[in-house]
Amino acid sequence: MFRLASCTTLLFLLLRVVGLAWSQVLPSLLIFYLGAGGWKFLRIIIKTLRRDLHAAWVLLQVKYNVKRSLREGRTVPKIFAEIVKRHPNKPALIFDVTGETWTFQQLDEYSNRVAHLLSKEGFHEGDVVAIFMENCNQYVGLWLGMAKIGVEAALINFNLRLDALVHCVNISNSKAVVFGSELSTAMQQVQASVGTSVKLFCCGEWDPKKVPEGTEQLEPLLESSASHQPNIPQRGFTDRLFYIYTSGTTGMPKAAIVVHSRYYRMAALVYYGFGMRSDDILYDCLPLYHSAGNIVGIGQCLLHGMTVVIKRKFSASRFWDDCIKYKCTIVQYIGEICRYLLNQPVRETEQQHWVRMALGNGLRLSIWEEFVNRFNVPQIAEFYGATECNCSLGNFDNKVGACGFNSSILPFIYPIRLVKVDEETMELIRGPDGVCIPCKAGEPGQLVGRIIQNDPLRRFDGYVNQSATSKKVAQDVFKKGDRAYLSGDILVMDEYGYMYFRDRTGDTFRWKGENVSTTEVEGTLSRILDMTDVVVYGVEVPGIEGKAGMAAIADPSNGIDLEKFVKDVEKELPSYARPVFIRLLPEVDKTGTYKFQKTDLRHEGFNPKVISDRLYFLDSSKGKYIPLNETLYQGIQSGKQKL
């Protein structure tokens, strides 16, 4: 009886979320019931009931708050002002390097000074100012102060230099750059290219000999600026807040548009979905120029009153010590951070913490349970999403390996879908009616989200560059005449609706008639090599169908035992997934968010004339990797050497 009553409650809640009537839902339920074989439908309901009910409640909360914000003209600064009134003296930000703690009142006053200063300097609503600095409390105060007067911040990756840095300043039409003193040399290198019309402000230790000519010191200007609330322009919930750049794994970075409603939606879905509390203390070791660090992390401070510890840069050796020091209850991760932590020597302190939740995305299935058991972290709050996407997912019920889910009972409540793509070109496959073909359980497909531009939860704001925006949108995806966002990611869904990340579009390659997932092979090889950095990709071989697997492995000390490695590979991987070529190099290039740079590696292939690193070829007849020299390379190119 309880399950039946709960199921009815669930359906009522789901209907309220999308405003559907029973007359619309009952036919769908009947079709699903018959198509799933009756008993199977009931089993799925029992398995997913609690999960879907929780998700419905989360959607209701977020949708209600979004509607309220639209109605009342709320923005991120206005929501933050409500938090300040609630507990002005509570710690808001703690900077790890100095231990400096800012209360909500202090953060508010600092951002007010920024707003008054920029107004005095002649900046107006709609102007763009770039922020180019490492993580610190001031970083948050700067963009928040800009937002208070409608100035939009361009958050630039502090690892960028020369042409890429100039590109990011120019594409956003920034009228000024606030840079950290630690990046003075980088700014000097590009000052001539940026132009004299762009004002420069330096934040941090002041050395007039090191900063570009004409740079103004920020701190004295802020000290003489007013700290009271500025006159806030009539910005709306769907107006632009700031720009976040893509990681630039291929080509120049793209400036993704983040509006106030998107900032709220991303932070709120995580907060409500994973059961966070305002008294949690969150450890944010991710770069603040990225959405995971600045929205998912800092958003909990600005929108929900949580204390956030800001780490200047991630440190695997200091991670758990920091958590103990600041009594953190939530930690953030992304990409390879969990693997780096597992690669550290075992210490007693790694379980002497108060951490109850690890929040992030990219935790590989191959190390998921090892991470949980070794570090005693009860909940993995894995999610899927991108700065600009409208099809975010959340693993709300701690399902091992999943990055989220969609309801199997009423999938149209949350309009996302996995659609079939061509295995070679990765182009969308369409049926006779021209509409994309949805994937069945177990079939890999590209994740897409229906675009409804007047709905803040479904809209797609795109990039500053319109052509880049167009490439992420497809027509006739769910039905004729609609538009959908293309994630570019390949996922797999099981019968219960759980989603599992497979690969970025284009990273999967075919070899020996089989699909090879680079992500899965990378995870296996990294585990075999005690969490070493490994990048896997496909390379073309003349006269051979598909692409041969190649692994670039970080081996700075020449310590890899290839004889042992090949035996382990034979045990762990099927023949088609074993790397045909090995490249041993000092280190593997990564982005600031720990994503591997594959483009150059893929282009260089396995040519020993082009590559100075050590190269090896898997000689299957001998069962071992042998050095790849020019003679062997020519034999492979001509077809004399069989693969």
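Residues numbered from 1 in each chain as written. Predicted model: local features only at pLDDT ≥ 70, side-chain atom pairs only at ≥ 80, totals over all residues. Heavy atoms only, no water.

(A) Summary view of the packing of helix α4 (residues 76-86) against helix α5 (residues 104-120). Between α4 and α5, whose axes approach to 9 Å, the crossing angle comes to 140 degrees. The angle between α4 and α5 falls in the class oblique. Handedness of the α4/α5 crossing: left-handed. The segment α4 lies against α5, with Phe80, Ile83 and Val84 engaging Phe104, Gln105, Leu107 and Asp108. The class makeup of the residues in the contact of α4 with α5 is five nonpolar, one polar and one charged. (Axes fitted to C-alpha atoms, helices over the stretch in contact; angles between N-to-C directions. Helix = DSSP H or I, 4+ residues; strand = E, 2+ residues; numbered from the N terminus. Parallel < 35°, antiparallel > 145°, perpendicular 65-115°, else oblique. Left-handed = near helix turned anticlockwise from the far one by under 90°. Contact = heavy atoms within 4.5 Å. Nonpolar A, V, L, I, M, F, W, Y, C, P; charged D, E, K, R; others polar.)

(B) Representation of the sheet that holds strand β11 (residues 307-310) in the model. Strands sit in the order β2-β1-β11-β10-β12-β13-β14-β15 across an open sheet of eight strands; the sheet is mixed. The open sheet has two edge strands with one neighbour each: β2 (101-103) and β15 (393-394). (Pairing = 2+ DSSP bridges.)

(C) Highlighting helix α6 (residues 137-148). In this model α6 runs 17 Å from its N-terminal to its C-terminal C-alpha over twelve residues, within 8% of the 16 Å that 1.5 Å per residue would give. Most of α6 is tucked away: twelve of the twelve residues are buried. Those residues of α6 lying buried are Asn137, Gln138, Tyr139, Val140, Gly141, Leu142, Trp143, Leu144, Gly145, Met146, Ala147 and Lys148. (Expected span 1.5 Å × (residues − 1). Buried < 20%, exposed > 50% of the residue type's maximum accessible area, 1.4 Å probe, protein only.)

(D) Structural context of empty space enclosed by the protein. Here the structure, examined in full by the defined rule, presents three cavities of 30 Å³ or more. Mapped onto the lining of the second largest cavity, the elements with two or more residues apiece are α5, α6 and α9 (218-223). Sort the elements by how many residues they give to the lining of the second largest cavity and α5 lands first, with three residues. A per-class count over the lining of the second largest cavity returns nine nonpolar, no polar and no charged. (1 Å grid on protein atoms, 1.4 Å probe; cavity = no way out; pocket = protein on both sides within 12 Å on 5 of 7 lines; lining within 4 Å. Points joined across faces, edges and corners; volume = space filled by probe spheres on them.)

(E) The arrangement of the pattern of salt bridges in detail. If you walk through the whole model with that rule in mind, you get 34 salt bridges. Between arginine 374 and glutamate 350 there is a salt bridge whose closest N-O contact spans 2.9 Å. Residue arginine 374 is located in helix α14 (residues 365-375), and its partner glutamate 350 is located in the loop between α13 (337-342) and β13 (357-361); the two are separated by 24 residues in the primary sequence. Overall, arginine 374 belongs to the buried group, its relative accessible area being 15%. Take glutamate 350: its relative accessible area is 6%, and that puts it in the buried class. One salt bridge connects aspartate 555 with arginine 614, and the closest N-O pair in it is separated by 3.1 Å. (Salt bridge = Lys/Arg side-chain N within 4 Å of Asp/Glu carboxyl O.)

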